[in-house]
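Report on the structure
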Amino acid sequence: MSATANCLECDAPVPVPQDAIKGEIVTCKECGTAFELALAGSDGAFTLLLAEQEEEDWGE
Ligand SMILES: [Zn+2]
């Protein structure tokens, strides 16, 4: 049994690890968007929040 949450960008199922914790970052395999896990309610289910993406400068 594994939980998933739907990607906010492309609606693909994003796997949520059994031992995931609030604030953990998961990445959608379909579109590559990073999300932060947030608690959806008191039942321990997670919902996805768009992760703060720091614009990393790779030095070009
Ligand atoms: Zn996606």
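Sequence positions are assigned chain by chain, starting from 1 and proceeding in written order. Per-residue local features are limited, in this predicted model, to residues with pLDDT of at least 70; the limit for side-chain atom pairs, both in listing and counting, is 80 or more; totals at the level of whole chains, interfaces and linings are taken over all residues. In computing side-chain properties, one takes all heavy atoms of the structure into account and sets aside hydrogens as well as water.

Some remarks on the nonpolar core
The biggest cluster of nonpolar side chains holds eleven residues, and these are A5, C7, A12, V14, V16, A20, V26, C28, F35, L37 and L48. Residue contacts follow a heavy-atom distance rule, with two residues in contact if any of their heavy atoms lie within 4.5 Å. Every residue in contact with A5, bar those within four places of it in the chain, is listed here: A12, P13, V14, V16, F46 and L48. Residues belong to one nonpolar core when they are buried, are Ala, Val, Leu, Ile, Met, Phe, Trp, Tyr or Cys, and are joined through side-chain atoms within 4.5 Å. Three exposure classes are used, based on accessible area relative to the maximum for each residue type with a 1.4 Å probe and protein chains only: buried under 20%, partly exposed in between, and exposed over 50%.

Considering the coordination of the zinc ion
Looking at the zinc ion, the protein donor atoms are C7 (SG), C10 (SG), C28 (SG) and C31 (SG), and they sit 2.2 to 2.3 Å from it. Think of the donor list as every N, O and S atom within 2.8 Å of the metal, or within 3.2 Å for Na, K and Ca; water never makes the list, so a site can look incomplete. Between 85 and 135 degrees for all angles marks four donors as tetrahedral; over 155 degrees for opposite donors together with 65 to 115 for all other angles marks four donors as square planar and six as octahedral; every other arrangement is irregular. Every donor counted, the four donor atoms about the zinc ion form angles of 105 to 116° at the centre, which fits tetrahedral coordination. As a motif over one chain, the donors of the zinc ion read C-x2-C-x17-C-x2-C. For C10, a relative accessible area of 36% translates into the label partly exposed.

As for a negative patch on the surface
Residues E52, E54, E56, D57 and E60 make up a contiguous surface patch of negative charge. Relative to the helices and strands, E54 is located in the segment after strand 5 (46-50). Residues qualify for a patch when their relative accessible area is over 30% and they have no salt bridge, like charges being joined within 9 Å and the nonpolar side chains of Val, Leu, Ile, Met, Phe, Trp and Tyr within 5 Å. Only the protein chains shown count as cover for residues, and the accessible areas themselves come from Shrake-Rupley with a 1.4 Å probe. The rule for a salt bridge is simple: a side-chain nitrogen of Lys or Arg has to be within 4 Å of a carboxyl oxygen of Asp or Glu. In this count, Lys and Arg are taken as positive residues and Asp and Glu as negative ones, while His and the chain termini are left out. A charged residue contributes its charge at one atom only: NZ of Lys, CZ of Arg, CG of Asp or CD of Glu. Numbering goes from the N terminus for both helices and strands, where a helix is a DSSP run of H or I of at least four residues and a strand is a run of E of at least two.

Considerations on the sheet that holds strand 3 (residues 25-27)
Taking strand neighbours across the sheet as the criterion, the three strands line up as 3-4-5 in an open arrangement whose pairing is antiparallel. In the strand order of this sheet, the two ends are held by strand 3 and strand 5, each with one partner. The sheet shows a mean angle of 45° between the axes of neighbouring strands, direction not considered. Two strands qualify as a pair provided DSSP detects at least 2 bridges between them. Pairing of strand 4 (residues 34-39) with strand 5, which is carried by five bridges, proceeds in the antiparallel orientation. Considered in strand 5, the bridge of L39 is made with F46. Think of each axis as a best-fit line through the C-alpha atoms, taken over the contacting stretch in the case of a helix, with angles from 0 to 180 degrees between the N-to-C directions.

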